[in-house]
Amino acid sequence: MKYPLLLFLQFLSFCLLAQTGSIRGKVSDAEAGKPLVGALLLLEQNGQQLKEVQTDLDGNFVILSVPAGVYSLICTHPEAPKQEIKGMTIREGGIRLAYFRLGNPDIDLGGKAEENHQSQNLNRYSAQSMLLRRKSSQQIIETLAAESVFHSGDEDLSKALRQLPQVNVENNNQLFIRGLGGRYLKTLLNGAELPSLDLNNSLIQLDLFPSTIIDHIILEKGYSAEQLASSGTGIINIETRRFPEKQQLQHQLHIGMHQSASFNPNFMSYEGGTLDFIGLDDGSRSLPSDALNLPDNPSSRDLTLALRNRSLAFPANFSTKMNMPGPNLGLNFSISRRKDLKKGRSISYAFVALFKRFSMMYEGGYAAMHHLTGDYEANYELENQLELSDQFYQEQSRANLFFTLSYKSRRNRISLVIMDNLGTEKSYRELEGLGGRYQFASGLGEDTRYRTKSWDFEQKNIAALQLLGRHLRQNEALEIDWTLSASLSNNNQPDLRYFNEVYSVNTFSGEEQSHRIIEGAGGEPRRFYRQIQAFSGEGQLNFKRKYKQKRLKSLSWGFRGTAKYQYFDERQLRYSTSYLPYTGGGAANYIQSSNYINWSDSTNSLVPGIFIENAYDSTNNYVALELLLGGYTSTLWTLGPKTQLEAGFRLEGVINAYTGFDQDSISVDGLNMYPVLLPAFSLRHELDKDMLFRLAYSATIARPSLRELSAFTSFDYMGDYQITGNLELAKQPTHLQHLDIRWENYEGQRSLLAGGFFAKYLQNPIELATLEPGFSDQMQFRAAPWGYLLGMEIELRQELGMLGQWGDAWWMQFNFSYIYARAKIAKEELDFMRLERADAPSFRPLFGQSPYNLSILLQYQNKKLNFEANLGLQVQGERLAYVIYGNTPDIIEQPRPNLDVHLNKPLGRHFELRFSVQNLLDSPFLQTQTFKAREYAYRQFNWGRSFNFGFYYNM
């Protein structure tokens, strides 16, 4: 009997709920756009008060179980006059949305009653509200709303960031702000750092993060005491979805093609694992656990057979094959839901899953090395050290899982964020051509040719767990924010192989001849097994006390601690060719089991062949640790009715420890600790209601990355410059002082005209340079004495209605900056340069800084046709890529304009078709040297265009 009764009660409760509706909304400040906490909402009918609620930490409110009828909704707040919405109709099972912007007589009713329990988007982070946030900020910031990312159709974070003014993204992961990138940037996830998966890039891998997890993005170009001190040109904070305003279900399917790689029957690849197509290593590439063991005191026979067995334990796979890639494919699923509880509480979650696979390639590339040989005045050209053709083929895959669970009450907010990302790259590369630098080592003379091939499989994984909270105490006068974050990353490279050879060409027949493998030209064939493991833990505790005094508005203070650990392990195996000289035929013909060393039972003698040796290099293995403890205090003052000043300072202490390995022992090679005291202030003055003047000064410190400290050697290809770190840099962090002057004029909800000047002084700016005079392929990170930077920028966001009816559908964002930046050349190097060149300059361009930056974003929206289009152009000027010691010209990376186009066509309420073209201009990647008006290419290739067609479903 109890089950029919239970069913009856559930049915009755459902019927009662269906007879009521609800009201959701948001209360914000009309001027600043900030949410108003603690605003009181009164629901009245015929002059009688029925319900009363207050807004939460985000300014949101919910009134549940409202019987169908007509009501008045009144909003009051101590800091603004009350507002009222009259004649609000609530329908059975419907959701009514209401927005209050206190301080402004205009009330945005927003939304409408819904019969299917589906609320409209509250635009918590719409482009308009984020622009208001930027306007009201005490600091110099740029903002990007989730709404803008959605309409652009950008698939991942690397593409979405291009919408931010002064931000350039190249090769999906190289990030620049105001033309300067790399070590001077910080990327944060919900305010916490994540470890990098790339030894040569300290930033997180941007294309691992799907755009569907983004709530909003803040670019902080000015600095306050509460921010990380270890930055030089900006901090990008990516806030993920934690408090969805409505239930949402999204599916995305992308099918595309790369103009050169997709469906190319001549795409070069190689035999790998059975799970390569989904980006996983099946274990077949792993280093056998006992493969390096050899018998103690073996006889010649036992040692020979042991070496043969060791060689047989590794796949003799140095061959390539044609493998036609299919289309580029992307799948994305996301769901978010919010459940409103009683007394203003709510619980919400969001889940995102993504998988994509794509191919890319280039052929006809060029790689070279040129150097000045002899006296500067007596020479008119550089000597060719290498001149190679270059071809590259790569298959990539990305997988992402993201989950958040959040609880919110009127005075508390707690969120759990869990994320797991996986990225895989499988590639083959071949370079061949003139090898002048090897002509003496090879004995082949001026006709020496060089060929190098590489096979690579790299798997990158990062998992992060974050717990974030915010609380209001003392009648909302005290804000408490805290963060606990832990992340673990793993970069596994179980298969990296190199095969290098020199040869000559017969003058008459044109055939290759005199093939050989020599130590001076890349050495014997090698296999690398590399693994990078990194851990990052962080804790933050921040307080903000608001005051109602005439002068002092708020006092902020807090603490932050971080710990970073990185472990790098490299195992190197070498195919010894001592007993079987190479005579040509290619890698696959030479490295095969039939050519392995053996012991003849019939003749009881050695059968010449190749075998694998352990080539472990202790300098390429290390453990690095960084511990940071910091605290800050900051105050906000009102200097007048339209002027505010924030002033504070930050104290940080850092311990850097680096441990190098050798085969028998472990030794500590570096231990450094240095505290720093860094001031910061910012002035914000309202010239009138929509016009601002800003002035900011701050000091920061750009500490060397673990890669810049480590003795690990890396290179782009075998034969190129070899790059190592420098442990001495731990004692020479880059100290920066910043000055920003800015003027901003806001017009309407989407229009802005801004301009300003900025300057930086850098002590010990780090650059990548060769180590000594004359030709050398050894490069190292080093510190220049000092440098400076002077710049100006202008920004325009404008609806183009002034062009007439045709222009009403267009919106434009234009940003341009010009920068003059120089670094002082060290006295020792300058003295050497002036021995041959009396007029050698005492300054060179600041390493990595572009002299100009231009970005243009055009958006078109035709409401009649229900059609959207976006066009984005980015270009930044040439920048110093490598410093060459002495009078040999430095290597400069040339401008590479990038143009992307996105087209969106909604089909009803739930469906949308999308089409995009990326890298439409296909500008070449080009690095050059210029000597006496002649330009020499160092690297050149074209990545090619990509075309994508997408189907989007939103419920």
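Residues numbered from 1 in each chain as written. Predicted model: local features only at pLDDT ≥ 70, side-chain atom pairs only at ≥ 80, totals over all residues. Heavy atoms only, no water.

Before going further, it helps to examine the domain arrangement of the chain. Interfaces are often sized by the accessible area lost when the parts come together. Looking at the chain, the domain boundaries give domain 1 (20–107) and domain 2 (320–380 + 399–954). On a C-alpha basis, the centroid separation for the pair domain 1 and domain 2 is 47 Å. Contacts between the two partners involve 14 residues from domain 1 and, on the opposite side, 15 residues from domain 2. Carbon and sulfur atoms make up 47% of the surface buried where domain 1 meets domain 2, a total of about 1200 Å² over both sides. Across the domain 1-domain 2 interface, the total number found is one salt bridge. With a shortest N-O distance of 2.7 Å, arginine 24 and aspartate 340 are connected by a salt bridge. Among the elements that make up the side of domain 1 that touches domain 2, the one with the highest residue count is strand 4 (residues 60–67) (three residues). Along the lines of polarity and charge, the residues of the side of domain 1 that touches domain 2 split into five nonpolar, four polar and five charged. (Domains from an automatic or database assignment. Contact = heavy atoms within 4.5 Å. Buried area = accessible area lost by both parts, 1.4 Å probe. Salt bridge = Lys/Arg side-chain N within 4 Å of Asp/Glu carboxyl O. Helix = DSSP H or I, 4+ residues; strand = E, 2+ residues; numbered from the N terminus. Nonpolar A, V, L, I, M, F, W, Y, C, P; charged D, E, K, R; others polar.)

Taken in spatial order, the four strands line up as 3-2-5-6 in an open sheet, and their pairing is antiparallel. Every interior strand has two partners, whereas the edge strands, strand 3 (48–54) and strand 6 (80–90), have only one. Within the sheet, the average angular offset between the axes of one strand and its neighbour, ignoring direction, is 20 degrees. Of the strand pairs in this sheet, strand 2 (residues 40–45) and strand 3 are connected by six bridges, and their pairing is antiparallel. The partner of glutamine 45 across the bridge, within strand 3, is glutamine 48. (Pairing = 2+ DSSP bridges. Axes fitted to C-alpha atoms, helices over the stretch in contact; angles between N-to-C directions.)

This brings us to the nonpolar core. One finds Tyr450 and Tyr882 to be the most contacted residues of the largest nonpolar core, which totals 35 residues. For this core, the secondary-structure elements that each account for two or more residues are strand 20 (346–371), strand 21 (383–408), strand 24 (478–505), strand 38 (766–770), strand 39 (778–783), strand 45 (879–882) and strand 46 (891–893). For tyrosine 882, the contacting residues outside a window of four places in its chain are Ile723, Leu768, Met779, Phe847, Asp890, Ile891, Gln927 and Tyr938. Grouped together as the second largest cluster of nonpolar side chains are 31 residues, Leu164, Ile217, Ile236 and Ile238 included. (Core = buried A, V, L, I, M, F, W, Y, C linked by side-chain atoms within 4.5 Å. Buried < 20%, exposed > 50% of the residue type's maximum accessible area, 1.4 Å probe, protein only.)

Here we come to helix 5 (residues 300–312). Each α-helix winds once per 3.6 residues, and so residues spaced three or four apart point in a common direction. Compared with an ideal rise of 1.5 Å per residue, which puts 13 residues at 18 Å, helix 5 spans 18 Å between its outermost C-alpha atoms and is within 8% of the ideal. Every buried residue of helix 5 is listed here: Thr304, Ala306, Leu307, Arg308, Arg310 and Ser311. (Expected span 1.5 Å × (residues − 1).)

Right, let's talk about the pairing of strand 5 (residues 69–77) for a bit. Most of strand 5 sits inside the fold, with seven of its nine residues counted as buried. One ladder, built from five bridges, connects strand 2 with strand 5; its direction is antiparallel. Bridge pairing links leucine 42 to isoleucine 74 in strand 5. Relative to strand 6, strand 5 runs antiparallel, the two sharing seven bridges.

A full pass over the atoms with the stated rule returns 36 aromatic pairs. With 6.1 Å between their ring centres and 40 degrees between their planes, tyrosine 579 and phenylalanine 611 make a pair best called tilted. A residue pair is termed long-range when its members are at least 10 positions apart, and tyrosine 579 in the loop between strand 27 (552–576) and helix 7 (587–590) and phenylalanine 611 in strand 30 (residues 611–614) qualify at 32 residues. Here a set of aromatic residues connected by ring pairs shows up, and it is made of Phe267, Phe318, Tyr393, Tyr428, Trp455 and Tyr575. Of note, arginine 914 hangs over the ring of tyrosine 952, and the distance from its end group to the ring centre comes to 4.6 Å. (Phe/Tyr/Trp six-rings, centres within 6.5 Å; stacked < 30°, edge-to-face > 60°. Lys NZ or Arg CZ within 6 Å of the ring centre and 35° of its normal.)

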